[in-house]
Amino acid sequence: MSDYRKMWADLGLDLESHDALLSVLGGAYGDIYLAQKNRPEGMKYFDFVMSEVHGLRIKELMDAKAQGRKVIGSYCVFVPEELILAVDGVSVGLCAGAEFNFAGAEEVLPRNTCALIKSAFGFKLGKVCPYLEASDVVVGENTCDGKKKSYEILKPLVKDLYVMDLPQMKSDMGRALLKEEYRRFLGKLEAVSGRKVTAASLKKGIEIVNAKRRAVKRLAALRAADPAPISGLDALLVNQVFFYDDPLRFTDAVNKLCDELDERIKQGAGVFPAGTTRLIVSGCPMAVPNWKLPMLIEGSDAVIVGEESCVGERGARRITAAQGDTVEELLDEITERYFQIDCAIFTPNPTRAAYVEEMAKNLHAQGVVHYSLQFCQPYIVESGPVEKGWEAAGLPTLRLETDYSQEDAGQLKTRIEAFVERLKGK
Ligand code: SF4
Ligand code: SF4
């Protein structure tokens, strides 16, 4: 631990605030995760990752940097990890799931900014995120207006902020813009790493990320079983660790977990009794340690069997075709893959709602909880029409808007319990 303190101090963290954050995080993890019953043995790996999330993993990042590799931090699933791996870089998701130093964030941002953006600023201004401090480049993206404008404020606060433009419509021009932006990003990665991307290095990057995605897709499919072999909380954790861990080790750990779940399913074993009400959560991403809603749902006699979210199926379900013999051809395949992501920043965005219906069918879910962060215009605006569509398709929907505080937990629980009762009565 003393090694870590020196490492944290060298990274410029505020050790006192960081201690306070780790203590809250550790306590919440114990109360929410370790208190669950019938967890698969394979979750021990993820418990270990979480216990070392600011320790061993950061040490690995520092070792990689010492070997000349670059750490690239990002806030969105539109930033292709394949490209980062192609220059032997390390990709890390930047944490934005805790209500930390919102007072500091509100000094530079409007109060009515979503919790995800406020959290990113709270961590930066409070100097508590070793991932952010270890990043050689921080990648922002023009997705929602909140993020887009806040990067102007973030720029002077970080070493090297690189902003990627993104299309807002699924048109030919939109696809061409995305490809050009990925080409420009490749140039940036080559410049910071001093490495030239080749078809072989890009193909290798694609294969590593595809293997990771295939593993989480396998996990997602196993959740169709009744009783559910894994809780929604644990599955969410796996999807969250997706953004931090070494990709090869992560893939291996998820596949081992899936082998165990295969056995559980054969034996008819699960985390909740067979027949427990099954729900899908759809909406804004839940970054570590945002576990509030799944905890409330799974404490209300229901189990989450799928997440239509960027930390979940929206972020991972599509595989990049590793076809092509040139960087140009592979870049086309990468663009094609990412262009299909159905984030609510696109207009219109019909495939997202349609996919939730497909998920509900495949996973035998009885209802959907639509989750929006307060002040998140894209998902809140989209939530009305999607609710209408799902209800019309016979898929009961509960629309919730919340933030990272615990203040509304009681009220949310009451609404979730009433929704679960409605589903039981059907
Ligand atoms: S919800 Fe949209 S903006 Fe947010 S991470 Fe996903 S793709 Fe990016
Ligand atoms: S939750 Fe909504 S408002 Fe917040 S960053 Fe994501 S898309 Fe933007």
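Everything below is about the structure shown above.
Here is what the cut-offs are and how they apply
Residues numbered from 1 in each chain as written. Chains lettered and ligands numbered in written order. Predicted model: local features only at pLDDT ≥ 70, side-chain atom pairs only at ≥ 80, totals over all residues. Helix = DSSP H or I, 4+ residues; strand = E, 2+ residues; numbered from the N terminus. Contact = placed C-beta atoms within 7 Å. Near = placed C-beta within 6 Å. Nonpolar A, V, L, I, M, F, W, Y, C, P; charged D, E, K, R; others polar. Pairing = 2+ DSSP bridges. Axes fitted to C-alpha atoms, helices over the stretch in contact; angles between N-to-C directions. Core = buried A, V, L, I, M, F, W, Y, C linked by C-beta atoms within 7 Å. Buried ≥ 20, exposed ≤ 12 C-beta atoms within 10 Å, placed from the backbone.

Q: Could you give me a rundown of the environment of His-18, with the residues and numbers involved?
A: Summarising the element assignment, His-18 is placed in helix α2 (residues 15–34). Sequence-wise, His-18 and Val-77 are 59 residues apart; in three dimensions their C-alpha atoms are separated by 27 Å. Once residues within four sequence positions are removed from consideration, His-18 is found in contact with Trp-8, Leu-13 and Val-128.

Q: Give a detailed account of the site of ligand 2, specifying residues and quantitative values.
A: Around ligand 2 sit Cys-114, Leu-116, Ile-117, Thr-143, Cys-144, Gly-146, Lys-147, Cys-284, Leu-373, Cys-376, Pro-378 and Tyr-379, and that is every residue in its neighbourhood. At the level of elements, α7 (115–126), α9 (145–154) and α18 (377–392) are the ones that each hand at least two residues to the shell around ligand 2. In the shell around ligand 2, the residues fall into nine nonpolar, two polar and one charged.

Q: So what's going on with the sheet that holds strand β5 (residues 277–283)? Residues and values would help.
A: Here we have four strands laid out as an open sheet, ordered β6-β5-β7-β8, and parallel in their pairing. The sheet is open, and its two edges are formed by β6 (302–308) and β8 (397–402), each paired on a single side. The average undirected angle you get between the axes of adjacent strands in this sheet is 25 degrees. Taken together, the five bridges between β5 and strand β7 (residues 367–373) define a ladder with parallel strand orientation. Counted as the bridge partner of Gly-283 is Tyr-371 from β7.

Q: If you had to explain the environment of Gln-67 to someone new, which residues and values would you point to?
A: The residue Gln-67 is located in the loop between α4 (56–66) and β1 (71–74) in this model. Along the primary structure Gln-67 and Glu-382 are separated by 315 residues, whereas in three dimensions their C-alpha atoms are 45 Å apart.

Q: How would you summarise the nonpolar core if you had to cite specific residues and measurements?
A: Across soluble globular proteins, nonpolar side chains have a tendency to be buried as a group. Core analysis: the largest hydrophobic core is formed by 133 residues, its most contacted members being Leu-94, Leu-219, Val-238, Val-254, Leu-279 and Ile-280. Here this core gets eight residues from one element, more than from any other, and that element is helix α11 (residues 199–222). For Ile-280, the residues in contact, after removing those within four places along its chain, are Val-305, Gly-306, Glu-308, Val-356, Met-359, Ala-360, Leu-363, Ala-365 and Val-368.

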